[in-house]
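# Structural characterization, general
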Amino acid sequence: MLKELITLMSDGHFHSGETLGAHLGVSRAAVWKALKKIELAGYPLDRVKGRGYRIPQGASLLDEGRIYQAFPPSLQPKIKVTVLEGVDSTNAHIMRQSHQAPVILACVAEEQLAGRGRRGRNWVSPFAQNIYLSLGMPFEMGAARLGGLSLVVGIAAVRALRSAGYTGIGIKWPNDLLHSGKKLAGILVELSGDLLSDCTAIVGVGINVLMDNSSAIDQPWVSLYQVDRGAILDRNKLVALLLEALIDSLDVFAREGFEAFLQEWAEYDLCMGREVNIISGDQVVTGVCRGVNGEGQLMLEVEGRILELNGGEVSLRALDAARA
């Protein structure tokens, strides 16, 4: 019933419980129970006595046809997009697919049952609220030459969100998008194949879109709905913009490497010139962030010398947590 209710209400107008129940052939009480369930899970729902219920305009379910319609014609034949209602994780789903497909494989899911973030962390993935997307991108080069890939994915995500009307988004090295110091999106890149020859990068991106509350996230977070309700909230359009930006950016990366993105990275870098803690296991090193090098490694100034660090090895915490 939840899917049908969201579809009926995606116009952004108020709908009475009686009207919704009549459409679905259920009682007003059944409608109330179903809506209460998604509201408790964090879905943005307005209730006004005498008017009924309303969800944000454009807050529709994911749909393959609508995603393809939002692609530019040149991209449509290059990619196969699968929409899943539920999956363990979108990255795991793409990893299980054949990497010899004649087109680029991508999938999005309404819900992840075992969503993963970087370093094995759980990724909270409530039903029909956010973007959980993975893309299998083949590279005719070894995995060892893909330094900076996760940073390029972050840049592509910022580009897509800017084109959707969102501003004020930056990147915390190596893989978090933040707005006003709160986490908006995360990136998980996994590699399959040879260290020295052909390989496939499984690019996972999670973006908080409609989520309005959650007690399951243990850090400050924000959603696009909370950032700007006047920008695009239709997840089908957002997925199309994100995939287009990813494929364009990764094509450039394959030809030119991360150095082609250094100037743009500096524009989005939230930690440049700031004092940060670098955490690796039980060890903590404090230094000043001096940006990244042409391989996407963090350059950390410690007592006058520069350390170059890989994102897979460490976590970064800005001492001024209000910004990053």
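Residues numbered from 1 in each chain as written. Predicted model: local features only at pLDDT ≥ 70, side-chain atom pairs only at ≥ 80, totals over all residues. Heavy atoms only, no water.

### Let's talk about the overall build of the protein chain
Definition in use: Think of it this way: any DSSP run of H or I at least four residues long counts as a helix, any run of E at least two long counts as a strand, and we number them from the N terminus. For this measure, only C-alpha atoms enter the radius of gyration; the expected value for a globule follows 2.2 Å times N^0.38, where N is the number of residues. When accessible area is computed with a 1.4 Å probe and restricted to protein chains, residues below 20% of their type maximum are described as buried, those above 50% as exposed, and intermediate ones as partly exposed. Contacts are assigned to residue pairs with any non-hydrogen atoms lying within 4.5 Å of each other.
Looking only at helices and strands, one finds 9 helices and 14 strands in the protein chain. Taken over the C-alpha trace, the protein chain has a radius of gyration of 21 Å; the compact-globule value for 324 residues is 20 Å, and the two agree within 12%. For the C-alpha atoms alone, the extent of the protein chain along its principal axes is close to 70 × 45 × 30 Å. Within the protein chain, the fraction of its 324 residues that count as buried is 52%. Excluding contacts between residues fewer than 6 apart, the proportion of contacts in the protein chain whose partners are at least 24 apart in sequence is 65%.

### Considering the packing of helix H1 (residues 2–9) against helix H2 (residues 17–24)
Using the following cut-off: Here an axis means a line fitted to C-alpha atoms, over the contact stretch when the element is a helix, while the angle between two N-to-C directions is reported on a 0 to 180 degree scale. Each angle gets one of four labels, with under 35 degrees taken as roughly parallel, over 145 as roughly antiparallel, 65 to 115 as roughly perpendicular, and the rest as oblique. A clockwise turn of the near helix away from the far one marks a right-handed crossing, whereas an anticlockwise turn of less than a right angle marks a left-handed crossing. All amino acids are sorted into three groups, where Ala, Val, Leu, Ile, Met, Phe, Trp, Tyr, Cys and Pro are nonpolar, Asp, Glu, Lys and Arg are charged, and the leftover types, Gly among them, are polar.
Close contact between H1 and H2 brings their axes to 11 Å; oriented N to C, the two are set at 120°. Classified by the angle their axes make, H1 and H2 are oblique. The way H1 lies across H2 gives a crossing that is right-handed. Taking contact as the criterion, the partners of Glu-4, Leu-5, Leu-8 and Met-9 in H1 are, on H2, Leu-20, His-23 and Leu-24. Class assignment of the residues belonging to the contact of H1 with H2 gives a composition of 5 nonpolar, 1 polar and 1 charged.

### Let's talk about the UniProt feature "DNA-binding region" (unreviewed entry) in the protein chain
For the record, the criterion: UniProt positions are given in the numbering used here, feature names are shortened, and annotations may be inferred rather than shown by experiment.
Feature annotation in UniProt assigns "DNA-binding region" (unreviewed entry) to the following positions: residues 17–36. Strand forms 0% of residues 17–36 and helix 85%; the C-alpha atoms that close the span are 12 Å apart.

### Observations concerning the sheet that holds strand S14 (residues 315–318)
The following threshold applies: Pairs of strands are assigned from DSSP output, requiring at least two bridges between the strands.
Read from one edge of the open sheet, 5 strands run S13-S12-S11-S10-S14, paired in antiparallel fashion. What marks the edges here is a single partner per strand, and that holds for strand S13 (305–309) and S14. Going across the sheet, the axis of each strand differs from the next one's by a mean of 45°, ignoring polarity. As paired elements, strand S11 (residues 283–292) and strand S12 (residues 298–302) share 3 bridges and run antiparallel to each other. Each residue of the ladder has a partner; that of Val-292, found in S12, is Leu-298.

### Some points on unusual backbone geometry
Cis geometry marks the peptide bond from Trp-173 to Pro-174, where omega comes out at 0°. Tracing the backbone through its elements, the reader meets Pro-174 in the loop between strand S6 (169–172) and strand S7 (176–179). Of note, the phi angle at Glu-303 is positive, near 50°, even though the residue is not glycine. One can find Glu-303 in the loop between S12 and S13. A residue is classified by how much of its surface remains accessible, and Glu-303, at 81% relative accessible area, is exposed.

### Re the nonpolar core
Stated precisely, the cut-off is as follows: Throughout this description, the term nonpolar core refers to a set of buried Ala, Val, Leu, Ile, Met, Phe, Trp, Tyr and Cys residues connected via side-chain atoms within 4.5 Å.
Ranked by internal contacts, the top residues of the largest apolar core, which has 91 residues, are Ile-79, Leu-135 and Phe-139. The contact partners of Leu-135, leaving out residues within four places of it in the chain, are Ile-79, Ile-94, Ile-104, Leu-105, Ala-106, Ala-201, Ile-202, Val-203, Leu-243, Leu-246, Ile-247 and Leu-250. Core analysis: the second largest hydrophobic core is formed by 7 residues, Leu-84, Ile-94, Cys-107 and Ile-202 among them.

### Quick word on the domain arrangement of the protein chain
Filter applied, for reference: The split into domains, and so the bounds of each, comes from an automatic or database assignment of domains.
Here the domain parsing of the protein chain yields domain 1 (1–54), domain 2 (64–266) and domain 3 (271–318). Taking only C-alpha atoms into account, the centre of domain 1 sits 48 Å from that of domain 3.

### A look at the pairing of strand S5 (residues 131–139)
Of all 9 residues making up S5, 8 are buried, and the element is well covered by its neighbours. As defined by bridge partners, strand S4 (residues 104–109) adjoins S5 across 4 bridges and the pair is classed as antiparallel. Residue pairing in the sheet places Val-108 in a bridge with Leu-133 of S5. Alignment of S5 against strand S9 (residues 199–207), held across 9 bridges, turns out to be antiparallel. Across the sheet, Ile-131 pairs through a bridge with Ile-207, a residue of S9.

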